[in-house]
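Residues per chain are reported as follows:
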Amino acid sequence: MPLYSAVCPLPVNRIKNRLFDADARDYILRVEAADGERLESQVRGAINSFVIGCKADGIWDSLVTSCIMAGARTVAGAIIPLRGNAPTNNNFVAGDYSRTLGLLGDGTSKYLATGYNNNDTTNFPQNNTHISCYVSQSPTSSAGIFIGTRLVAFTSILQIRYTGSGASTLFICRGITAASRALTALGFQCTSRSLSTEYLSRCTHSGGVSDATSLVNSSAPTNNLIGVFAGFNVATPQTFANSRLSFYSIGKSLTIASLDSRVTTLMATLARVIV
């Protein structure tokens, strides 16, 4: 008999009895339903610790939409949303997925459509927003967008991208000027704005962490869909990334260091416990 089926449903009480957070439990059960198989107890525990930690840090409610694209057994499970709407998979297949490293883009056609728009100021207010991702394998293509929208004619967007075959990483948060680092992204990347006059960004790389404050005034966000592994020019995906990503989030402004700590710990734990 299969481990998970309509005949033999997952025993929810096994999770309840281990004092799992209700939101973590709900997410785990949805992932397991998509996978058709239970996750290992250590993987369940890592997810539970992540959710509890985000709530303790006061950043959980800032995650309007988010996916942990690791830990799950299948691509279908990997794009089950932790929070918010499920992204639409475009061209990712089983061979693109690693349970510890996430999804691998190809730089040409593979991307996720989040279903959210840059101009959604209810979920992502002009001066109260963030985007983040975890780069588990650095890019090699000439340029690509990890997460966000495509910059067109100096419009106000959300974006984390790379240029120079990954040698430079750039961040834009509700402005028209990017914060650029001559660094190759590897690990947690984030930009967040809580003021009209500036935004913050963090670039993690092989040598450590580079934080910056950009004194750039915000402007009204434009009509562009938000993508992962590509940016949208209105509704057309462009500038595809060929990196691996294992996490993303979009939402309200937050303490970047707190989300970094939680995501980095989660990825390290999954790498350790998944054989």
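Structure report, in brief.

The next thing to look at is the overall build of the chain. Of the regular secondary structure elements, the chain holds 5 helices and 17 strands. The C-alpha radius of gyration computed for the chain amounts to 18 Å, which stays within 12% of the reference 19 Å derived for 275 residues, consistent with globular compactness. When the backbone C-alpha atoms are referred to their principal axes, the chain occupies close to 60 × 35 × 35 Å. Across the 275 residues that make up the chain, the buried fraction comes to 55%. Across the chain, contacts joining residues at least 24 apart in sequence account for 61% of those joining residues at least 6 apart.

This structure, assessed with the given rule, holds 6 aromatic pairs. Ring geometry for Phe146 and Tyr162: centres 5.1 Å apart, planes at 45°, overall tilted. Linking Phe146 in strand 7 (residues 144–148) with Tyr162 in strand 8 (residues 157–163), this pair joins segments that are 16 residues apart in sequence. Each member of the aromatic cluster is reached from another via a ring pair, and the members are Tyr111, Phe232 and Phe240.

What follows deals with helix 3 (residues 41–56). Taking 1.5 Å of rise per residue, 16 residues should cover 22 Å, and helix 3 covers 22 Å from first to last C-alpha, within 8% of that figure. Of the positions making up helix 3, those classed as buried are Val43, Arg44, Ala46, Ile47, Asn48, Phe50, Val51, Gly53 and Cys54. One or two steps after helix 3, the chain reaches Gly58, where phi turns positive at roughly 75°.

All right, on to the packing of helix 2 (residues 22–35) against helix 3 then. Where helix 2 contacts helix 3, the two axes come as close as 9 Å, and the packing angle between them is 145°. Helix 3 is crossed by helix 2, and the crossing has right-handed handedness. Taken together, the residues of helix 3 that come into contact with helix 2 (itself represented by Asp23, Ala24, Tyr27, Ile28 and Glu32) are Arg44, Ile47, Asn48, Val51 and Lys55. Here the contact of helix 2 with helix 3 is built from residues that sort into 5 nonpolar, 1 polar and 4 charged.

Side chains on a regular strand alternate between the two faces of the sheet. In terms of burial, strand 7 is a largely internal element, 5 of the 5 residues being buried. Strand direction decides the pairing type here: strand 7 and strand 8, joined by 4 bridges, are antiparallel. Counterpart to Ile145 in the pairing with strand 8 is Arg161.

With antiparallel pairing, 7 strands are arranged side by side in an open sheet as 2-5-14-7-8-9-10. With one partner strand each, in any of the chains shown, strand 2 (88–90) and strand 10 (179–181) form the two edges of the open sheet. Direction aside, neighbouring strands of the sheet carry axes that sit 30° apart on average. In this sheet, strand 14 (residues 225–228) lies alongside strand 5 (residues 111–117) in antiparallel orientation, the contact comprising 3 bridges. Pairing of Leu112 across the sheet is with Val228, part of strand 14.

To continue, consider the pattern of salt bridges. For the structure on display, the rule yields 12 salt bridges. In this structure, the salt-bridge partner of Glu32 is Arg44, at a minimum N-O distance of 3.0 Å. Of this pair, Glu32 sits in helix 2 while Arg44 is found in helix 3, placing the two residues 12 residues apart along the sequence. In this structure, the salt-bridge partner of Arg83 is Asp61, at a minimum N-O distance of 3.7 Å. Placement of Arg83 in the loop between helix 4 (75–78) and strand 2 and of Asp61 in the loop between helix 3 and strand 1 (63–68) is noted, with a sequence separation of 22 residues between them. Under the relative-accessibility criterion, Arg83 is labelled partly exposed at 25%. A relative accessible area of 62% places Asp61 in the exposed class. Look at the salt bridges and you will find they share partners, linking Glu37, Glu40, Arg73 and Arg99 into a network.

Right, let's get into the environment of Phe229. Mapping Phe229 onto the fold places it in the loop between strand 14 and strand 15 (231–233). As a C-alpha pair, Phe229 and Ala113 span 116 residues in sequence and 9.0 Å in three-dimensional space.

Positive phi outside glycine occurs at Phe229, with the angle close to 75°. The exposure class assigned to Phe229 is buried, which follows from its relative accessible area of 0%. One non-glycine residue with positive phi stands out, namely Thr239, at about 55°. Looking at the secondary structure, you find Thr239 in the loop between strand 16 (236–238) and strand 17 (244–251).

Let us now look at the pairing of strand 1. Most of strand 1 sits out of view: 6 of its 6 residues are buried. Of the strand pairs in this sheet, strand 1 and strand 17 are connected by 5 bridges, and their pairing is antiparallel. Residue pairing across strands places Ile68 opposite Phe247, the latter belonging to strand 17.

Definitions and cut-offs
Residues numbered from 1 in each chain as written. Predicted model: local features only at pLDDT ≥ 70, side-chain atom pairs only at ≥ 80, totals over all residues. Heavy atoms only, no water. Helix = DSSP H or I, 4+ residues; strand = E, 2+ residues; numbered from the N terminus. Rg over C-alpha atoms; globule rule 2.2 N^0.38 Å. Buried < 20%, exposed > 50% of the residue type's maximum accessible area, 1.4 Å probe, protein only. Contact = heavy atoms within 4.5 Å. Phe/Tyr/Trp six-rings, centres within 6.5 Å; stacked < 30°, edge-to-face > 60°. Expected span 1.5 Å × (residues − 1). Axes fitted to C-alpha atoms, helices over the stretch in contact; angles between N-to-C directions. Left-handed = near helix turned anticlockwise from the far one by under 90°. Nonpolar A, V, L, I, M, F, W, Y, C, P; charged D, E, K, R; others polar. Pairing = 2+ DSSP bridges. Salt bridge = Lys/Arg side-chain N within 4 Å of Asp/Glu carboxyl O.

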